[in-house]
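Structural overview for review
Residue-level listing of the chains:
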Amino acid sequence: MEILLLIIVVHLKLVYSYPNVTLKSNDLDVTIYLPQSLSPNGEEAFYQSSRFEHGSMIGSIRRKGLSKIISLYGTDTWRVPHNPYWPESGVGLASEFGVGDNGDFCNYKCGWYGVDNVTNGVLGYQEARSGGSFLKIGVGELIKGSCEACDSTGGYMFNSPYKFANIPKWKMNQPCDGRLILEHEAHLNTYGYKVQKDIELEDDVLLVTTTLTNLGMKAFSTAWYSHHFFSCDGSLIGPGYEVEIGLKGSHNSHGSVILGEGRMSGIYEEPNLASWSKKLQLYAQVTPYESTIHVDMIHAVQPGTRIKAEFLQDEATGSFGLKACGTSIQESIPELQKTANDPVSMYGFNLYIEEGTMSPEPQILVHLKPSHSKTWSQRIVFEDADLSLIPETESFRNSNPVPANPSTPLLGNSKGNRLSTRISIVHQSSIPTSIVGVLTSFGFLTLLLSLFLLFRNNRRHYVAVPEAGIGGAIYVY
């Protein structure tokens, strides 16, 4: 019993003791976890790693539902226990300048519109020698070659923790109770940038406005996206979770979706199936409509399973809707234009899923000349949804998962023009409720984490930081 209480106390400290500001309206509480330089008395910040913008840790949202308080974008399903120095350990609307892949620069035919010369969110990387400095936009000045995954090729590793050359400085301003402004800038040789995050809550609408300014002497283009670490009420991803993406579905002459290995023709591709990704259609029902694509989870996502669908070029504006736990969340980017000739345009649209997150990721492209700024917004509306969508935590965690190596599903037309999927399934034991069972589960999860880390070097995307970094001594500023 004493051990269990100790685990609970440690968990509560890890999750709830990070410095933050909470914006409140009648129906919503939104938590913004502060960067390290804004932490009072040197307290440890929620996120101190080298991937996501430090001013974008917006999550732990509490909403008044029809019958209870609903927790959205929480910290209890993604990369637990939380480690501030793990590059992946973001929360909620955590955003990154770049595309979420390795490499510092794309030279030719990049993104949906085939533009040239797009940086992966870094400035001065190619000029820097090993041990020298480069800038990661929204993060700060990092040391080239200092990450654990770095090798002699000198390639940029987006998901491995780099050491900081200098402590990133942030400023904070709170003009009113429902608004918070965070600012950060960095300079290095002929490069420089300034990032401002203006976060405003009014009634059921959360508006996050990002302004990027080029403070250097050279023009640059960069991609940007918000990861959207979405979950609700601590429920793992499975039946009851839906996402509707603002992209056009594609059909053949008979009105049926054209299917192929590693892709749904005309809609999305899954280029990582041969290495680390699983097929989306094994876990979700994907239904294309004239102006949207609906993804409805039909099986619980197993531990260690990762799914990534990369949607094909479309005249999209980055909008999507999420539904779970009796809540509907609609996001749009009002400033987004449709062609690469505009200052802010679409770059791509991905959907990433693990057991702890359902993440629609519209990516945008920003081009900036010296001294110029560009601004874009995430407008997020929270509303009540059909109560039939509520995922019951116990029941769907115990639902029948897809086998570790499932066979190809049988796909065909069904009523309502949806895809029907028939997959062989196996049973999963229920979550233990006794103290002994809880401790046993804790040990089992630790074993799973160890196995996950053991095979991390064979995975190109979303690579876990080794346990050596959990204490923070290696990567602390």
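An account of the accompanying structure is given in this report. Note that the structure is a prediction, hence the values are computed from the model and not measured. (Residues numbered from 1 in each chain as written. Predicted model: local features only at pLDDT ≥ 70, side-chain atom pairs only at ≥ 80, totals over all residues. Heavy atoms only, no water.)

**Side note on the environment of Glu96**
- In this structure, Glu96 sits in strand 5 (residues 95-97).
- Owing to a relative accessible area of 0%, Glu96 belongs among the buried residues under this scheme.
- It is 4.6 Å that separates the C-alpha atoms of Glu96 and Phe52, two residues lying 44 residues apart in sequence.
- Discounting residues that sit within four places of it in the chain, Glu96 has contacts with Arg51, Phe52, Glu53, Lys136, Phe158, Ala223, Trp224 and Tyr225.
- A distance of 3.0 Å separates the side chain of Glu96 from the side chain of Lys136, its partner in a polar contact. (Helix = DSSP H or I, 4+ residues; strand = E, 2+ residues; numbered from the N terminus. Buried < 20%, exposed > 50% of the residue type's maximum accessible area, 1.4 Å probe, protein only. Contact = heavy atoms within 4.5 Å. Polar contact = N/O pair within 3.5 Å; in protein donor to acceptor, adjacent residues only side chain to side chain.)

**Section: the sheet that holds strand 10 (residues 140-143)**
- The sheet built from three strands is open, its strands ordered 8-9-10 with antiparallel pairing. Taken across any chain shown, the strands that pair with only one partner, and hence form the sheet edges, are strand 8 (122-123) and strand 10. (Pairing = 2+ DSSP bridges.)

**Thoughts on the sheet that holds strand 12 (residues 179-188)**
- The strand order 11-12-13-14-27-24-23-16-21-20 describes an open sheet built from 10 strands, whose pairing is antiparallel. Two strands bound the open sheet, and with one partner strand each, they are strand 11 (170-176) and strand 20 (284-288). Strand after strand, the sheet turns through a mean of 15 degrees between neighbouring axes, direction not considered.
- As paired elements, strand 13 (residues 191-202) and strand 14 (residues 205-214) share 10 bridges and run antiparallel to each other. (Axes fitted to C-alpha atoms, helices over the stretch in contact; angles between N-to-C directions.)

**Section: the state of the cysteines**
- For the structure shown, the criterion picks out three disulfides.
- The disulfide bridge from Cys147 ends at Cys150, spanning 2.0 Å between sulfur atoms. Residues Cys147 and Cys150 are joined by a disulfide whose S-S torsion is about 115 degrees; by sign, that bridge is right-handed.
- When its relative accessible area of 19% is taken as the criterion, Cys150 is described as buried. (Disulfide = S-S within 2.5 Å.)

**Description of the packing of aromatic side chains**
- Scanning the model with the defined rule gives 17 aromatic pairs in all.
- Seen from their ring centres, Tyr18 and Phe46 are 5.4 Å apart, and the 85 degrees between their planes marks the pair as edge-to-face. Placement of Tyr18 in the loop between helix 1 (2-16) and strand 1 (20-24) and of Phe46 in the loop between strand 2 (28-33) and strand 3 (58-64) is noted, with a sequence separation of 28 residues between them.
- The buried category is assigned to Phe46, whose relative accessible area is 1%.
- Pairing Trp276 with Tyr352 gives two aromatic rings, centres 6.4 Å apart and planes at 50 degrees, and the pair type is tilted. Remark: Tyr352 occurs in strand 25 (residues 344-354) and Trp276 occurs in the loop between strand 19 (268-269) and strand 20; sequence separation between them is 76 residues.
- Among the residues examined, Trp276 registers a relative accessible area of 7% and is labelled buried.
- Grouping aromatic residues by their ring pairs yields a cluster made of Tyr47, Phe52, Trp78 and Phe229. (Phe/Tyr/Trp six-rings, centres within 6.5 Å; stacked < 30°, edge-to-face > 60°.)

**Describing the pairing of strand 22 (residues 307-311)**
- For strand 22, the tally of buried residues reaches four of five residues, placing the bulk of the element in the interior.
- Looking at chain direction, strand 19 and strand 22 are connected through two bridges and run antiparallel. Bridge pairing in strand 22 links Tyr268 to Phe311.
- Across five bridges, strand 22 lies against strand 25 in antiparallel orientation. Within strand 25, the position partnered with Ala309 by the bridge is Leu351.

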